[in-house]
Amino acid sequence: MSNNRQTVLILASDPAFSREITALWPQDPDRHSAGPEFIMLDEGFSRDLEGSHYDLAIADASSVGKKSSGRNDDRIKALKESLVAAGKPAIIFHSDSSLGFCSLHGSVLELRREPGVWPALAGLVGREILRRRHAESRAREAEKLCAAAQTEATLGRYMVEMRTNVNNVLTTVLGNAELLTLEPGLSATVLAQADAIRNMALRLHEVFQRFSSIEKELGVAARESSKKSVHAAAGRC
């Protein structure tokens, strides 16, 4: 299955059911957006749906009722239970005139199969379900990105707030390293180690100085953005 396309699972024993849905499925107004990918299965496979990767299931319960009598009600019940257990959006079309035109059970929508109307209805309702599912997916992704950004911002603020304390420690380390290099009688190895400590302390000091510069740059950018927003709002008045 394509990672970029949503998947519609059509469960029906009658091939005409699948053909009518795919033939009348509405085109997406966005021409650059590919339509959903359709996968056809016999409704008997519905018991294996849990854990399957699809975005919407459309099932034909009316064709179940045309099979041998005696077990039809059990087959339809099993179909509904499997779709509910899968936990994903589903549309079931039935032909029982004693039932209402529309009923909702969790994420499963039952519709009566009205002649001449149901294929277009399947497309319109199905497309809206897919749109909402896509929007919810993007919203969840945005929430994850926002949470990650907030975590990084918190860490950044902590680093900025701690820079004074860290700089004080680095100043102490740097000063002692420089004094150590002036101590007479030390071996070349000790002097090299003291010089390495001094250089690392200087590098860390430069890193924290960069944090201070970034903080100032962000402050200037925020003020400029605020001024542009105010001017834009004044221009609309």
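J.: Tell me about the overall build of the protein, and name the residues and values.
T.: Counting secondary structure elements, the protein contains five helices and six strands. In the protein, the order of α-helices and β-strands from amino to carboxyl end is β-α-β-β-α-α-β-β-β-α-α. Burial analysis of the protein (237 residues in total) assigns 26% to the buried set. Considering only contacts within the protein whose residues lie at least 6 apart along the sequence, 69% involve residues at least 24 apart. Carbon and sulfur atoms form 56% of the exposed surface of the protein, whose accessible area is close to 15700 Å².

J.: A description of the pairing of strand β1 (residues 7–11) should follow, citing residues and the corresponding values.
T.: Where burial is concerned, most of β1 is hidden: five out of the five residues are buried. Neither face of β1 is left uncovered, since the one carrying T7, L9 and L11 and the one carrying V8 and I10 both have all their residues buried. Bridge count for β1 against strand β2 (residues 37–41) is five bridges, and the pairing is parallel. From the neighbouring strand, I10 faces β2, where its bridge partner is M40.

J.: An account of the sheet that holds strand β5 (residues 102–105) is requested, with residue identities and associated values reported.
T.: Two strands in a sheet stick together by hydrogen bonds in their backbones, pointing the same way (parallel) or opposite ways (antiparallel). Across the sheet, which stays open at both edges, the six strands sit in the order β2-β1-β3-β4-β6-β5 with mixed pairing between neighbours. What marks the edges here is a single partner per strand, and that holds for β2 and β5. Across the sheet, the mean angle separating the axes of adjacent strands is 20° when strand polarity is ignored. In the sheet, strand β4 (residues 90–94) pairs with strand β6 (residues 108–112) via five bridges, with the strands oriented parallel.

J.: Just give me the short version of a nonpolar patch on the surface, but keep the residues and values in it.
T.: Side chains of V169, V173 and I197 sit close together on the surface and give an oily, nonpolar patch of about 230 Å² of accessible area. Along the polypeptide, V173 turns up in helix α4 (residues 118–182). Taking relative accessible area as the criterion, V173 reaches 32% and is therefore assigned partly exposed.

J.: Help me get a handle on the pattern of salt bridges, residues and values and all.
T.: According to the stated counting rule, one finds six salt bridges in the structure shown. Ionic pairing is found between R132 and E128, a salt bridge with its closest N-O pair at 3.3 Å. With R132 and E128 both in helix α4, this residue pair falls four residues apart, about one helical turn. Salt-bridge contacts for R198 lead to E178; the nearest nitrogen and oxygen are separated by 3.2 Å.

J.: How would you explain helix α1 (residues 15–23) if you had to name every residue and give the values?
T.: All buried positions along α1 are accounted for by A16, F17, S18 and I21. Where α1 is buried, its residues meet β1, β2, β3 (56–60), β4 and α4.

J.: Could you give an account of the nonpolar core, with specific residues and numbers?
T.: Counting 16 residues, the largest nonpolar core has F17, I21, L56, I58 and F93 as its most contacted members. Contributing elements (two or more residues each) for this core: β1, α1, β3, β4, β6 and α4. Listed in part, the 14 residues of the second largest apolar core include Y54, I76, A86 and A90.

J.: How would you summarise the packing of aromatic side chains if you had to cite specific residues and measurements?
T.: For the coordinates displayed, the defined rule picks out four aromatic pairs. For the ring pair W25 and F38, a centre distance of 5.2 Å and an interplane angle of 75° mean the geometry is edge-to-face. You can see W25 sitting in the loop between α1 and β2 and its partner F38 sitting in strand β2, a full 13 residues away along the chain. Taken together, F17, F93 and W118 form an aromatic cluster joined through their ring pairs.

Each value, and the rule that gives it
Residues numbered from 1 in each chain as written. Predicted model: local features only at pLDDT ≥ 70, side-chain atom pairs only at ≥ 80, totals over all residues. Heavy atoms only, no water. Helix = DSSP H or I, 4+ residues; strand = E, 2+ residues; numbered from the N terminus. Buried < 20%, exposed > 50% of the residue type's maximum accessible area, 1.4 Å probe, protein only. Contact = heavy atoms within 4.5 Å. Areas by Shrake-Rupley, 256 points an atom, 1.4 Å probe, with all protein chains shown as cover. Pairing = 2+ DSSP bridges. Axes fitted to C-alpha atoms, helices over the stretch in contact; angles between N-to-C directions. Patch = residues over 30% accessible without salt bridge, like charges linked within 9 Å, V, L, I, M, F, W, Y side chains within 5 Å. Salt bridge = Lys/Arg side-chain N within 4 Å of Asp/Glu carboxyl O. Core = buried A, V, L, I, M, F, W, Y, C linked by side-chain atoms within 4.5 Å. Phe/Tyr/Trp six-rings, centres within 6.5 Å; stacked < 30°, edge-to-face > 60°.

In short, the description is geometric, and any link to function would need to be established separately.
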